[in-house]
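# Observations on the three-dimensional arrangement
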Amino acid sequence: MIRGSVVVQRRRCGKASCRCADGEQLHESTVLSYSKAGRNRTVMLASREVASVRAAVARYRSAQAKLEQAGNAGLSALLSAHTSSGRGR
Ligand SMILES: [Zn+2]
């Protein structure tokens with residue numbers, strides 16, 4: 001699995017003679033956007049990588065959602081045990 005998100009960036013390359021110079025036909029590149037040590041970073045993906053990286057990102061998201069759910073269930077169980085013991089507030 002991979003932490004991050006797959007995004008398509010559209011940008012100019014800066015060459016005055018390029019098709020992108022008029023701002024209408026920008027270059028598209030698919031990147032993985034992720035954060036590391038508090039900074040947002042991107043890494044360019046080769047077109048053959050895109051599908052598998054998207055799938056790996058989806059696996060991470062779903063594992064993360066399950067982890068969150070399990071953590072919340074444990075928290076709720078603890079809180080309700082405390083409430084029903086009459087020692088709340
Ligand atoms: Zn260009």
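Our structure is the block above this text.
Predicted, not measured: the structure shown is a model, and the values here were computed from it. (Residues numbered from 1 in each chain as written. Predicted model: local features only at pLDDT ≥ 70, side-chain atom pairs only at ≥ 80, totals over all residues. Heavy atoms only, no water.)

Turning next to the overall build of the protein chain. Within the protein chain one finds 1 helix and 3 strands. Taken from N to C terminus, the helices and strands of the protein chain fall in the order β-β-β-α. Scaling as 2.2 N^0.38, a compact globule of 89 residues should have a C-alpha radius of gyration of about 12 Å, whereas the protein chain reaches 22 Å, well beyond that. Expressed along its principal axes, the backbone C-alpha trace of the protein chain runs to roughly 75 × 30 × 25 Å. Taking all contacts inside the protein chain whose residues are at least 6 apart in sequence as the whole, residues at least 24 apart take part in 40%. Counting only carbon and sulfur atoms, one obtains 51% of the accessible surface of the protein chain, whose full area is about 7100 Å². (Helix = DSSP H or I, 4+ residues; strand = E, 2+ residues; numbered from the N terminus. Rg over C-alpha atoms; globule rule 2.2 N^0.38 Å. Contact = heavy atoms within 4.5 Å. Areas by Shrake-Rupley, 256 points an atom, 1.4 Å probe, with all protein chains shown as cover.)

A few words now on the environment of Leu78. Structurally, Leu78 is set in helix H1 (residues 47-84). With 68 residues separating them along the chain, Leu78 and Arg10 place their C-alpha atoms 48 Å apart.

Ligation of the zinc ion by protein atoms is provided by Cys13 (SG), Cys18 (SG), Cys20 (SG) and His27 (NE2), these donors lying 1.9 to 2.3 Å from the ion. Mapping the donors of the zinc ion onto the primary sequence yields the spacing C-x4-C-x1-C-x6-H. The buried category is assigned to Cys20, whose relative accessible area is 1%. (Donors = N, O, S within 2.8 Å, 3.2 Å for Na, K, Ca; no water. Buried < 20%, exposed > 50% of the residue type's maximum accessible area, 1.4 Å probe, protein only.)

Let us look at unusual backbone geometry. Look at Ala37: it is not a glycine, yet its phi comes out positive at around 50°. Along the chain, Ala37 falls in the loop between strand S2 (27-36) and strand S3 (39-44). Exposure remark for Ala37: the relative accessible area of 75% places this residue in the exposed category.

Turning our eyes to something else, we now look at the pattern of salt bridges. Under the definition given, this model contains 1 salt bridge. Note that Arg10 is salt-bridged to Glu28, the shortest N-O span being 3.1 Å. Linking Arg10 in strand S1 (residues 5-11) with Glu28 in strand S2, this pair joins segments that are 18 residues apart in sequence. (Salt bridge = Lys/Arg side-chain N within 4 Å of Asp/Glu carboxyl O.)

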